[in-house]
Amino acid sequence: MDITISDDFNLDKITNSGQAFRIKVFDDGTYRFATENHVLYIKDKEDGKNGYSVSMYSAPTTNASKADSHESSADTSSIDSQTASAISCIEAPADEWDLVWVPYFDLKRSYSSIRALVPAKDSYMKQAADYGIGLRILKQNPWEMIITFIISQRKNIPAIKESVEKICKNYGKSICTPYEEFYLFPSAEEMSAATLEELRKCSLGYRDTYILDAVDKVLTKELVPETLGSSDYDTIFNTLLTIRGVGAKVSNCVCLFAYAQFAAAPVDTWIAKVIDHYYGGVNPFPSYGEVAGIMQQYIFYYAQTHKEDF
């Protein structure tokens, strides 16, 4: 299936912008994105017309966890052992692009118009936004973002990716597409049997107890990530803070990358350096109101690719 994206859209910049840690790039230039049980393979056609080739797949849904699968009956008509063989994905219908991936890439929002909002006097932001043309804020699965950004604390991107992959391989469903076999991100239910000892094998360090607390809060319904998005920013932000180990930075990352709360502008080490070095210690993002998070992403990407400036 071929699609056209007329607004800002750059697969490489999106991949390397620090908001998603499970994107895979194949040797032929195809990018794989996955959210819940949906998988997308997308490649720039390089035709000069903003064209892309896409293939979409969906894995059958099942509530069985890996722990449950060891006790399931040998009914060959159902998926009863994620540990024994991969779940075969089916090709998704064409409307899945509009239903799943248009919201995921936030394609109904004009990022070119947002970039035009940067005033000339904010020269650093202008430079970052121009350099970051093609970035978009991905709307990702809330539970995955909670766990991913808990892991992200005081870790570099390669280390984050390593830990996330270990969690997926230990607790997620193994699926198979025509391109590859890989693991979906596990639900809280699939992680419910995880012990502290097992999680420590995922290179989590002190974050293992934080993840167990998040799992427990979801299982007891103290936290319901799927419905939290219907609340306002303050409610989402403060609810996430109830998870052990979640501070303002992690909470804002989840607000931005899972709940499309674009006023959220996470301040990590790199953003703090920019604020100190280029803005005299004054946070510039509040002045951008409801698009502050997008501006933060431009600056984060620019700072990450211009480390020599600090």
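Note: the structure precedes this text.
These figures come from a predicted structure and were not determined experimentally. (Residues numbered from 1 in each chain as written. Predicted model: local features only at pLDDT ≥ 70, side-chain atom pairs only at ≥ 80, totals over all residues. Heavy atoms only, no water.)

Caption draft 1: Structural view of the nonpolar core. Within the largest apolar cluster, 69 residues are counted, with the highest numbers of intra-cluster contacts made by Trp-143, Ile-167, Ile-211, Leu-240, Val-254, Met-295 and Ile-299. With nine residues, helix α14 (residues 292–304) is the largest single contributor of residues to this core. Those residues in contact with Ile-167, other than ones at most four positions away along the chain, are Ile-147, Ile-151, Gly-172, Pro-186, Met-191, Cys-202, Leu-204 and Ile-211. Residues Ile-23, Leu-40, Met-56 and Val-102 belong to the second largest nonpolar core, which totals 22 residues. (Core = buried A, V, L, I, M, F, W, Y, C linked by side-chain atoms within 4.5 Å. Buried < 20%, exposed > 50% of the residue type's maximum accessible area, 1.4 Å probe, protein only. Helix = DSSP H or I, 4+ residues; strand = E, 2+ residues; numbered from the N terminus. Contact = heavy atoms within 4.5 Å.)

Caption draft 2: Highlighting the packing of helix α13 (residues 269–278) against α14. Following both chains from N to C, one finds α13 and α14 inclined at 95°, their axes separated by 9 Å at the closest point. Compared by their axis directions, α13 and α14 come out roughly perpendicular. Mapping the contact onto sequence places Trp-270, Ile-271 and Val-274 in α13 and Gln-296, Ile-299, Phe-300, Ala-303 and Gln-304 in α14. The class makeup of the residues in the contact of α13 with α14 is six nonpolar, two polar and no charged. (Axes fitted to C-alpha atoms, helices over the stretch in contact; angles between N-to-C directions. Parallel < 35°, antiparallel > 145°, perpendicular 65-115°, else oblique. Nonpolar A, V, L, I, M, F, W, Y, C, P; charged D, E, K, R; others polar.)

Caption draft 3: Structural view of the pattern of salt bridges. Overall, the coordinates contain twelve salt bridges when judged by the stated rule. With its nearest N and O atoms 3.5 Å apart, the salt bridge here joins Lys-24 to Glu-180. Of this pair, Lys-24 sits in strand β2 (residues 24–25) while Glu-180 sits in the loop between β8 (174–176) and β9 (181–183), and the two are 156 residues apart along the sequence. Here Arg-200 and Asp-208 are joined by a salt bridge, their closest N and O atoms 3.0 Å apart. You can call Arg-200 exposed: its relative accessible area is 52%. Taking relative accessible area as the criterion, Asp-208 reaches 3% and is therefore assigned buried. A cluster of three or more residues bridged by salt bridges with shared partners is formed by Lys-24, Arg-32 and Glu-180. (Salt bridge = Lys/Arg side-chain N within 4 Å of Asp/Glu carboxyl O.)

Caption draft 4: Spatial organisation of the packing of helix α6 (residues 142–151) against helix α9 (residues 207–219). Contact pair α6 / α9: the axes reach a minimum separation of 9 Å and the direction vectors enclose 160°. Accordingly, the angle class assigned to the pair α6 and α9 is roughly antiparallel. The element α6 and its partner α9 pack so that their crossing is right-handed. Residues Trp-143, Ile-146, Ile-147, Ile-150 and Ile-151 of α6 lie in contact with α9, whose contacting residues are Arg-207, Tyr-210, Ile-211, Ala-214, Val-215 and Val-218. (Left-handed = near helix turned anticlockwise from the far one by under 90°.)

Caption draft 5: The arrangement of the packing of aromatic side chains in detail. A full pass over the atoms with the stated rule returns 23 aromatic pairs. Pairing Phe-9 with Tyr-52 gives two aromatic rings, centres 5.2 Å apart and planes at 80°, and the pair type is edge-to-face. Taken together, the positions of Phe-9 in the loop between β1 (2–4) and α1 (11–15) and Tyr-52 in strand β5 (residues 51–58) put the pair 43 residues apart, joining distant regions of the chain. Assigned by exposure class, Phe-9 and Tyr-52 land together as buried. (Phe/Tyr/Trp six-rings, centres within 6.5 Å; stacked < 30°, edge-to-face > 60°.)

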